[in-house]
Amino acid sequence: VMDGARACVARFERLTKGLGLHVPVPSNDIAYSPLTGKLYASVPGSDPVRGNTITEVDPASGEPGRSIWVGSEPGPLAVSDDGAAMYVGLTGASSVRRMDLLTFSPLGQFQVGLTGDYIRDRVYAEDLAVLPGDPDSVAVVRRVAGSSGDDGVGIYTDGVMRPVKVNTIYGP
């Protein structure tokens, strides 16, 4: 449920009767790992306590757990189908960072790309999806900074974009 322009408030139904839990962590996105049994929130840089972090949240209690700094303005999140890897779109850095959820540690990051237009050169990840069965590959909806349009969808394997990018308006 959206609460304001940049914060997401998550409500999760309990197994028992009730209205769910309020999670007291401002976030740009949330994701769940079936392997760890935890929710993960990408906390915006404006938060004075946990800004620019990924924060664990216990889905049973709604209480925040550990936080780790990941980079400038973490946004969209995507968890691999095995639940061990998570990708974080870093809007402020125009990049994507991979995390190991078993060790709760950030790994390498890669640039989403450049447009070649010197006025609107930055391209950042608007949305992410890990390819099923391939935790080393992630689909990235590429958004051009300062534009209402996107720059297609790129598939990145080990941080390198595959040669074919899908234009979301006109096709490959």
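Whatever comes next refers back to the structure up there.
The next thing to look at is unusual backbone geometry. Even without being a glycine, Asn-52 presents a positive backbone phi close to 65 degrees. Positionally, Asn-52 belongs in the loop between β4 (38-43) and β5 (53-57). Positive phi, normally seen in glycine, also occurs at Phe-104, with a value near 50 degrees. Along the polypeptide, Phe-104 turns up in the loop between β9 (95-100) and β10 (105-111). We classify Phe-104 as buried; its relative accessible area is 5%.

Take the pattern of salt bridges next. A side chain of one charge can pair with a side chain of the opposite charge if their charged atoms are brought near each other. Within this structure, the stated rule accounts for four salt bridges. We note a salt bridge from Arg-66 to Glu-56, for which the minimum N-O separation is 2.9 Å. Of this pair, Arg-66 sits in strand β6 (residues 64-69) while Glu-56 sits in strand β5, placing them ten residues apart in sequence. Residue Arg-66 is classed as partly exposed on the basis of its relative accessible area, which comes to 45%. Using a relative accessible area of 7% as the deciding quantity, one classes Glu-56 as buried. With a closest N to O distance of 4.0 Å, Asp-134 and Arg-162 form a salt bridge.

Definitions and cut-offs
- Residues numbered from 1 in each chain as written.
- Predicted model: local features only at pLDDT ≥ 70, side-chain atom pairs only at ≥ 80, totals over all residues.
- Heavy atoms only, no water.
- Helix = DSSP H or I, 4+ residues; strand = E, 2+ residues; numbered from the N terminus.
- Buried < 20%, exposed > 50% of the residue type's maximum accessible area, 1.4 Å probe, protein only.
- Salt bridge = Lys/Arg side-chain N within 4 Å of Asp/Glu carboxyl O.

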